Amino acid sequence: MKWFLACVAAGAASACGFAPLNLWPLTLIGVAFLLWAIEEAPGLRGALLRGWGFGLGQFVLGLNWIATAFTYQSNMPAWLGWIAVVLLSLYLAVYPAAAAGLAWRWSGGNRLRMVLVFAAAWIVTEYLRGVMFTGFPWNPLGVSLLLTPASLFAALFGTYGLSGLAALIAGGLYLLARRGWKEGGGLAVAVAALVGIAWIATPAPNGQAGPAVRIVQPNIDQATKHSEGYGPQLRRFRESAMNTTGTPRLLLWPEDGVPFLLDEDPYAARMIGDWLGEGDLLLTGGFKIERDSAGRPLGARNATWVIDPEGRLLGRYDKAHLVPYGEYLPMRSLLEPIGLSRLVPGSLDTWEGPGPRTLDLPRFGRVGLQICYEIVFSGQVVEDGNRPDFIFNPSNDAWFGRWGPPQHFAQARLRALEEGLPVLRSTPTGISGVIDARGRVLASLPWQQLGVIDTRLPPPAPPTLFTRAGNWMPFVFALLLVIATAALAALQSRSKRASERRT
């Protein structure tokens, strides 16, 4: 029990390496402690339990923002939010437990082999966390390296590969702490070489900055929107749309930007078009209602619309990766009668769209759309065979307290690194910003601040290795680690036999 509780504490400490605290050395130290705990485990069951405790501590603290979301739904008591955080964490902790169990089982009593197996297992289990049961890849281990030079490794091997690199770095700390100077030093040299290769092989953005862009952050929170309607938000949009320069701009408004059914209300679309300057285009969040032949609503789509100054709708993207219990209620017939409902108000469930899509914007190039939560899914943000010039990520993080928005923004930076594409974000209350094709923040608006960002569209980089191969790359990295483990085991076995012959 002492080891279990210590692993819970180490997991909680490791969560402090994620945004907003960004104390990334604590993440590496926490994982190093977990490796020590795995080594000291008396058996497979103990290793699994210690990995599970580590995951529990990390997820309960790191996902505390989920509890805040429950405070916006009057049908649910606020304390239910913390129960949801704990229950979700109990499940998510299974994946670190599996990595710990595999590391113990296949270490062969050797510390370096345990580190290599642990890193490979972490890659695979974290990928599974991102795809199982619709997936929840929030706060991957690799995001803790975002503020370090090692972050460029994501351009080669993706976020899950970056998480494996973080596990290796933590493993080096563990080996050095256990006085394994030769193994720890050798691993440090290998990690430094991998980071150096990433720096050399990651393509830099090419070309000049593109057309003018204005990102709007109206700073209207959920409570105001529900009590006063969209009036204050629309007034701020209208004021921000004034074009005094005459230069055509691409205006970017957040998810859930306007309350109108634009395809059913041409007057509303023309009104918004009148706010735009000549040559401007607008990307704004909105909704599309799907109806039956009699006109009765069947479902809704969380959409982003393209609008020109004449109020014409030039395109639409429908969100594909929906949030369970947020945008639709699983098992509605069972849960609704006992008072449980979606966190987002409304009786219609949201229907999913077809997946990543690139839209052509006259004068502004090609845009890939990812609405809110979709941006956290590594390798699933760009349409196959139709690479955009940039990604727009309209979002509504007003539900998620202090910790959720910066964590969301950090994961958008990972997508920019992986794909070699700039990412632009507009949110109602922050964090909105401009991220270049190497994941660097060029401009941002902090949480709960009204403002606009006027900038030029950053250029894309040539396709990265990860862009070309996708999530095969982290599995390639995991396979290389397994091969290294097998080679190490063979060398140790040969050395042991030679020693026995000499004896």
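A short tour of the structure in this document, coming up. Small disclaimer: the values here were computed from a predicted structure and weren't measured. (Residues numbered from 1 in each chain as written. Predicted model: local features only at pLDDT ≥ 70, side-chain atom pairs only at ≥ 80, totals over all residues. Heavy atoms only, no water.)

## Examining the overall build of the chain
Part 1 of the reasoning: In terms of regular secondary structure, the chain is built from 16 helices and 12 strands.
Part 2 of the reasoning: The C-alpha atoms of the chain give a radius of gyration of 24 Å, which matches the 23 Å a tight globule of 503 residues would have.
Part 3 of the reasoning: Structurally, the chain occupies a C-alpha span of about 90 × 55 × 40 Å along its principal axes.
Part 4 of the reasoning: Within the span of the chain, comprising 503 residues, buried residues form 56% of the whole.
Part 5 of the reasoning: Taking all contacts inside the chain whose residues are at least 6 apart in sequence as the whole, residues at least 24 apart take part in 69%. (Helix = DSSP H or I, 4+ residues; strand = E, 2+ residues; numbered from the N terminus. Rg over C-alpha atoms; globule rule 2.2 N^0.38 Å. Buried < 20%, exposed > 50% of the residue type's maximum accessible area, 1.4 Å probe, protein only. Contact = heavy atoms within 4.5 Å.)

## Things to note about the side chain of E126
Part 1 of the reasoning: Inspection of the secondary structure assignment puts E126 in helix α7 (residues 111-131).
Part 2 of the reasoning: Exposure remark for E126: the relative accessible area of 3% places this residue in the buried category.
Part 3 of the reasoning: A polar contact of 2.9 Å, which involves the side chain of E126, links it to the backbone nitrogen of L141.
Part 4 of the reasoning: The contacts of E126, once residues within four sequence positions are left out, are P140, L141, T159, Y160 and S163. (Polar contact = N/O pair within 3.5 Å; in protein donor to acceptor, adjacent residues only side chain to side chain.)

## What to know about the sheet that holds strand β4 (residues 297-307)
Part 1 of the reasoning: Taken together, six strands build an open sheet; the order of strands is β5-β4-β3-β2-β1-β12 and the sheet is mixed. Each edge of the open sheet is held by one strand with a lone partner, namely β5 (313-318) and β12 (451-456). Across the sheet, the mean angle from the axis of one strand to that of its neighbour is 30 degrees, orientation sign disregarded.
Part 2 of the reasoning: By the bridge criterion, six bridges tie strand β1 (residues 212-217) to β12 in an arrangement that is antiparallel. Pairing of R214 across the sheet is with D454, part of β12. (Pairing = 2+ DSSP bridges. Axes fitted to C-alpha atoms, helices over the stretch in contact; angles between N-to-C directions.)

## Here's the deal with the pairing of β1
Part 1 of the reasoning: Of all six residues that make up β1, six are buried, and the element is covered over most of its length.
Part 2 of the reasoning: Taken together, the four bridges between β1 and strand β2 (residues 249-252) define a ladder with parallel strand orientation. Opposite R214, over in β2, you have L251 as the bridge partner.

## Let's talk about the packing of helix α8 (residues 154-177) against helix α16 (residues 472-502)
Part 1 of the reasoning: Closest axis-to-axis distance for the α8/α16 pair is 6 Å, and the angle between their directions is 35 degrees. Contacts between α8 and α16 involve L156, F157, Y160, G161, G164, L165 and L168 on the former and, on the latter, M473, P474, V476, F477 and L481.
Part 2 of the reasoning: Looking at side-chain class alone, the contact of α8 with α16 contains 10 nonpolar, two polar and no charged residues. (Nonpolar A, V, L, I, M, F, W, Y, C, P; charged D, E, K, R; others polar.)

## Quick look at the side chain of R425
Part 1 of the reasoning: For R425, the location among the structural elements is in strand β9 (residues 423-426).
Part 2 of the reasoning: The buried category is assigned to R425, whose relative accessible area is 0%.
Part 3 of the reasoning: At 2.7 Å, the side chain of R425 and the side chain of N393 are in polar contact.
Part 4 of the reasoning: A distance of 3.4 Å separates a polar atom in the side chain of R425 from a polar atom in the side chain of D397.
Part 5 of the reasoning: Apart from the residues within four sequence positions on either side, R425 is in contact with I215, N393, S395, D397, H408, F409, A412, I431, S432 and G433.

## Quick word on a nonpolar patch on the surface
Part 1 of the reasoning: Where nonpolar side chains cluster on the molecular surface, the patch consists of L21, L23, L26, I29 and L173 and spans about 400 Å² of accessible area.
Part 2 of the reasoning: Relative to the helices and strands, I29 resides in helix α2 (residues 24-39). (Patch = residues over 30% accessible without salt bridge, like charges linked within 9 Å, V, L, I, M, F, W, Y side chains within 5 Å. Areas by Shrake-Rupley, 256 points an atom, 1.4 Å probe, with all protein chains shown as cover. Salt bridge = Lys/Arg side-chain N within 4 Å of Asp/Glu carboxyl O.)

## Focus: the nonpolar core
Part 1 of the reasoning: Counting 59 residues, the largest nonpolar core has I38, F118, L168 and L481 as the members making the most contacts within it.
Part 2 of the reasoning: Per-element tally for this core: the top contributor is α8, with 12 residues.
Part 3 of the reasoning: If near-sequence neighbours (up to four positions away) are discounted, I38 is found in contact with A47, A100, W104, M114 and F118.
Part 4 of the reasoning: In terms of nonpolar packing, the next biggest core, distinct from the first, is built from 29 residues, A67, V382, W399 and F400 among them. (Core = buried A, V, L, I, M, F, W, Y, C linked by side-chain atoms within 4.5 Å.)

## Observations regarding the environment of R113
Part 1 of the reasoning: Looking at the element boundaries, R113 is found in helix α7.
Part 2 of the reasoning: Distance in space between the C-alpha atoms of R113 and A103 is 8.2 Å, their sequence separation being 10 residues.
Part 3 of the reasoning: If sequence neighbours within four positions are ignored, R113 has contacts with W106, S107, G108, T485, L488, A489 and Q492.
Part 4 of the reasoning: A polar contact of 3.1 Å, which involves the side chain of R113, links it to the side chain of Q492.

## Description of a positive patch on the surface
Part 1 of the reasoning: Judged by side-chain charge, R494, R497, R501 and R502 come together as a positively charged surface patch.
Part 2 of the reasoning: Along the chain, R502 falls in helix α16. (Lys, Arg positive; Asp, Glu negative; His and termini not counted. Charge placed at Lys NZ, Arg CZ, Asp CG, Glu CD.)

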